[in-house]
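Secondary and tertiary structure notes
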Amino acid sequence: MSHRSNLLAFVIGLGALTLALAASAAAPVPAAGSAMDRDLMEVSIPQLHHYYEQHKYTVVQVVDWYLARIDRYNGVYRPLEQVFAAEARAAAAREDHEGGAPHGALWGVPIVIKANTSIQGKVTTNGWDGFTVAGHELTAPRDATIVARLRAAGAIILGHSNMPDFANSDTTRSSSFGRTGNAYDVRFSPGGSSGGTVTAVTGNMAEFGNGTDTGNSIRMPAGTSALIGVFPTRGLVSTAGIAPLDWILDDTGPITRNVTDAAIALGVMAGEDPLDPVTQGSAAKAQPGPYTQYLKSDALKGRRFGVPAFILAGIGIAFRGTPAVVPDMAAEKHADEEAWALDPRTRAAFMKALDELRALGATIVMDDSVLPEGFARRANRIATYSYGREGTDLFLKNFGPAEYHSAADYERVMGAPLGAPMIGTEPAKAEFESGDIKIRQRTLETDPGAERNYWGPRRRVLKEYLDTMERLHLDGYLYPSSQMPPVDETMPQYGQITDGPHSATSWVNMLGVPAVVVVGGFYPSGLPFGMEFSGRPFRDGDLLGFAYAWEQATHHRHPPVLVDKGLLPDAR
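Because the structure is a prediction, the values reported are computed rather than measured. (Residues numbered from 1 in each chain as written. Predicted model: local features only at pLDDT ≥ 70, side-chain atom pairs only at ≥ 80, totals over all residues. Heavy atoms only, no water.)

1. With respect to the overall build of the protein
Within the protein, the regular secondary structure consists of 21 helices and 15 strands. Its C-alpha atoms give the protein a radius of gyration of 22 Å, near enough to 25 Å, the size a compact globule of 572 residues would have. With the C-alpha coordinates aligned to their principal axes, the bounding extent of the protein is approximately 70 × 60 × 50 Å. Residues classed as buried in the protein amount to 63% of the 572 residues present. Working note: accessible area of the protein is about 20,400 Å², and carbon and sulfur atoms make up 54% of it. Across the protein, 51 positive and 63 negative side-chain charges occur, with their mean positions spaced 2 Å apart. (Helix = DSSP H or I, 4+ residues; strand = E, 2+ residues; numbered from the N terminus. Rg over C-alpha atoms; globule rule 2.2 N^0.38 Å. Buried < 20%, exposed > 50% of the residue type's maximum accessible area, 1.4 Å probe, protein only. Areas by Shrake-Rupley, 256 points an atom, 1.4 Å probe, with all protein chains shown as cover. Lys, Arg positive; Asp, Glu negative; His and termini not counted. Charge placed at Lys NZ, Arg CZ, Asp CG, Glu CD.)

2. Digging into the sheet that holds strand β2 (residues 110-114)
For sheets, the rule is that strands pair by backbone hydrogen bonds, running either parallel or antiparallel. A sheet is described by the order of its strands in space; here 11 strands give the open sequence β1-β3-β2-β6-β8-β7-β14-β15-β13-β9-β10, paired in mixed fashion. Lying at the two open borders of the sheet, with one neighbouring strand each, are β1 (80-83) and β10 (363-365). Averaged over all pairs of adjacent strands, the angle between their axes in this sheet comes to 30°, without regard to strand direction. As paired strands, strand β7 (residues 228-231) and strand β14 (residues 515-522) are joined by three bridges and run antiparallel to one another. From the neighbouring strand, F231 faces β14, where its bridge partner is A515. In the packing of helix α6 (residues 145-152) onto the sheet, contacts are made with β2, β3 (156-161), β6 (208-213) and β8 (251-256), and the angle to β2 comes to roughly 175°. (Pairing = 2+ DSSP bridges. Axes fitted to C-alpha atoms, helices over the stretch in contact; angles between N-to-C directions. Contact = heavy atoms within 4.5 Å.)

3. Focus on unusual backbone geometry
Going from G192 to S193, the amide bond is cis rather than trans, its omega being 10°. For the bond from G500 to P501, the omega torsion is 15°, close enough to zero to count as cis. Mapped onto the elements of the fold, P501 is located in the loop between β13 (476-480) and α20 (506-511). Not every positive phi belongs to a glycine, and A167 is a case in point at roughly 65°. Along the chain, the position of A167 falls in the loop between β3 and β4 (173-174). With a relative accessible area of 4%, A167 lands in the buried category.

4. Examining the pairing of β2
Counted residue by residue, β2 has five buried out of five residues, so it is predominantly covered. Side chains P110, V112 and K114 project from β2 onto one buried face, and the interleaved I111 and I113 project onto a second face that is buried too. As paired strands, β2 and β3 are joined by five bridges and run parallel to one another. In the sheet register, I111 faces β3, and the bridge partner there is I157. For the segment spanning β2, α6 and β3, crossover handedness is right-handed. (Right-handed = clockwise from strand over helix to strand, strands pointing away.)

5. Let's talk about the packing of aromatic side chains
Tallied over the full model, the rule gives 22 aromatic pairs. Relative to F533, the ring of F305 has its centre 5.3 Å away and its plane inclined at 65°; by these criteria the two rings are edge-to-face. Of this pair, F305 sits in strand β9 (residues 304-306) while F533 sits in strand β15 (residues 528-534), and the two are 228 residues apart along the sequence. Both residues of the pair, F305 and F533, belong to the buried class. Members of the aromatic cluster, joined through ring pairs, are F310, F375, Y465, Y477, Y479 and W507. Above the ring of F399, the side-chain terminus of R142 is found at 4.8 Å from the ring centroid. Here R219 stacks its cationic end above the ring of F231, 5.1 Å away from the centre of that ring. (Phe/Tyr/Trp six-rings, centres within 6.5 Å; stacked < 30°, edge-to-face > 60°. Lys NZ or Arg CZ within 6 Å of the ring centre and 35° of its normal.)

6. With respect to the pattern of salt bridges
Close approach of charged atoms lets side chains of opposite charge pair. This model, assessed by the stated rule, comprises 29 salt bridges. A salt bridge links D276 to R234; the shortest N-O distance between them is 3.2 Å. Residue D276 is located in the loop between α9 (259-269) and α10 (282-285), and its partner R234 is located in the loop between β7 and β8; the two are separated by 42 residues in the primary sequence. Among the residues examined, D276 registers a relative accessible area of 4% and is labelled buried. With its nearest N and O atoms 3.1 Å apart, the salt bridge here joins E470 to R536. Placement of E470 in helix α19 (residues 450-472) and of R536 in the loop between β15 and α21 (540-554) is noted, with a sequence separation of 66 residues between them. With a relative accessible area of 26%, R536 lands in the partly exposed category. Each member of the salt-bridge network shares a partner with another, and the members are E42, E207, R257 and R557. (Salt bridge = Lys/Arg side-chain N within 4 Å of Asp/Glu carboxyl O.)

7. Describing the environment of M351
Tracing the chain through its elements places M351 in helix α13 (residues 344-359). When the C-alpha atoms of M351 and P480 are compared, they prove to be 9.8 Å apart, with 129 residues separating the residues in sequence.

8. Notes on the side chain of S534
Mapping S534 onto the fold places it in strand β15. Reaching out from S534, the side chain makes a polar contact with the side chain of Y465 at a distance of 3.2 Å. Apart from the residues lying within four places of it in its own chain, the contact partners of S534 are Y465, G476, Y477, Y479, W507, P514, A515 and L543. (Polar contact = N/O pair within 3.5 Å; in protein donor to acceptor, adjacent residues only side chain to side chain.)

9. Some words on α21
For α21, which comprises 15 residues, the first-to-last C-alpha distance of 21 Å matches the rise-based estimate of 21 Å (1.5 Å per residue) to within 8%. The element α21 is largely enclosed, with a buried count of 12 among its 15 residues. Burial in α21 covers these residues: D540, G541, L543, L544, G545, F546, A547, Y548, A549, W550, E551 and T554. The inward-facing, buried residues of α21 abut β7, α9, β9, α13, β14 and β15. Looking at the residues trailing α21, positive phi occurs at H555, about 50°. (Expected span 1.5 Å × (residues − 1).)

10. A few points about the nonpolar core
L106, L357 and L544 are the most contacted members of the largest nonpolar core, which totals 94 residues. The residues touching L106, leaving out its near neighbours within four places in the chain, are I45, H49, L150, A153, G154, A155, F208, I264 and V268. If you look at the next biggest cluster of nonpolar residues, it comprises 33 residues, including I315, V370, L371 and Y479. (Core = buried A, V, L, I, M, F, W, Y, C linked by side-chain atoms within 4.5 Å.)

11. Section: the confidence of the model for the protein
Looking at the protein as a whole, its pLDDT mean stands at 93, while 92% of the residues score no less than 70. Confidence drops under pLDDT 50 across residues 1-31; counting only partners more than four residues distant or on other chains, this segment forms 81 contacts. Low pLDDT (under 50) marks residues 568-572, which in the prediction has 15 contacts with non-local residues, meaning those over four places away or in another chain. (pLDDT = per-residue confidence, 0-100.)

12. Some remarks on the environment of L40
Position of L40 among the secondary structure elements: in helix α2 (residues 33-40). Taking relative accessible area as the criterion, L40 reaches 0% and is therefore assigned buried. With residues near it in sequence (within four places) discarded, L40 still touches L48, Y51, Y57, V62, W65, Y66 and N204.

Structure below.
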């Protein structure tokens, strides 16, 4: 997730397995290792399906290939907290046994699921050791809605990817598992909170995975790792079954190596869900599927994109906003404390990418009136912190284990409270003006202050966002996905052992508008630079089209070269 947090501590059965082994034994002999590596490294979903249709590989063979890579590299980069090898092989064997068409859109596609997303019978660690206490684990009674949809489409779940505690950090260090390294250089951060997913996907340990995003957590880590990160319009994809950091801001979407896979995955994940009221009515608002129809190589020609002035200026927006009761001066101080200047290296990479866009026929509008400092100050007043516990209780009610279905239940059972970010008791967020102003937890639907704190500011800022697009005839906005390159976690940077990299993109969550991160290029250091498009609500297909045209014209992505020996540094 996305705000300056304290550094976290570094720290089916036998029958199904028999079925998997039998299917593997009966399958054709796979190609030699080098040929299989050549075919499956960086493979897309359509290419993988072509191999299946041509009977070049079975699903079991492909799953075994990915599991072998996990076995080889997970000990160094540590993207996966839990690996479900037996279950994955059994599911693959079933798909091979079922044989002919029709197949789902994700037939035999090996994926990873972020550790805050419920998988039936597995521990939803949420990165926190408090959910892994022996005998009291947060074992999911059923699948999250997106997990059920991904399974139904034929995806094979390889494991749960690592994430920081509660998704509340811009890097990936968890108390339940430890640190995940960047696949391009293990010393560097992959960002957070979806760092486990991005390292697994960019390192070809999975075809794709889901991320979650409360303030940048799909987009910023995708940018650190040369991936496509999709933040759907809030309401397009259900978040039911995902442990919330802030249920009003949370979103989930695919993280992939190419835009085609992102479009296919988003099509599977999208849809209305009675367990997530925000999704109701989304089908009538959204662009019709499949999303692959929007992928055109000339989609950028003649388009106009605005560059938000406040991002280039390094103006901050406090994560989860600042309530109306806090005076303006204190609110601005709160936001400024979470602001990061645009690093000169990132500015240079962005300007280079803008030149490439112009060469592709796009017009770039850079003007002080494009989402200026005032926009950021007004967005800072979209305050959600006081409603966090409501989302936590709703999640535990439907997806908690038998012994606790609320935050109060957890405290009664465990003799200690849930983590402060989930129940709204972080001092830096719950107290202002030296503790004189206290932000107490409320219910959004019944809070008389909700109009002043959330609904009104959000409505006005969203109007400003859209009115600027109309005034300047913009097709979207364009900006770096983080304010700095990926950071080295083995030594102090920016005056501290970093808990970054950091971004200035939490306003996207506050407004619920769609955004897509693309591979913007690479820094001279060899680490990736990410660039982000945002656009109009429920025009997700348009953004995927822009991303595809950029990808096909630039071909910036190249995979990392992984090492199978090494140590992850403990840089406290």
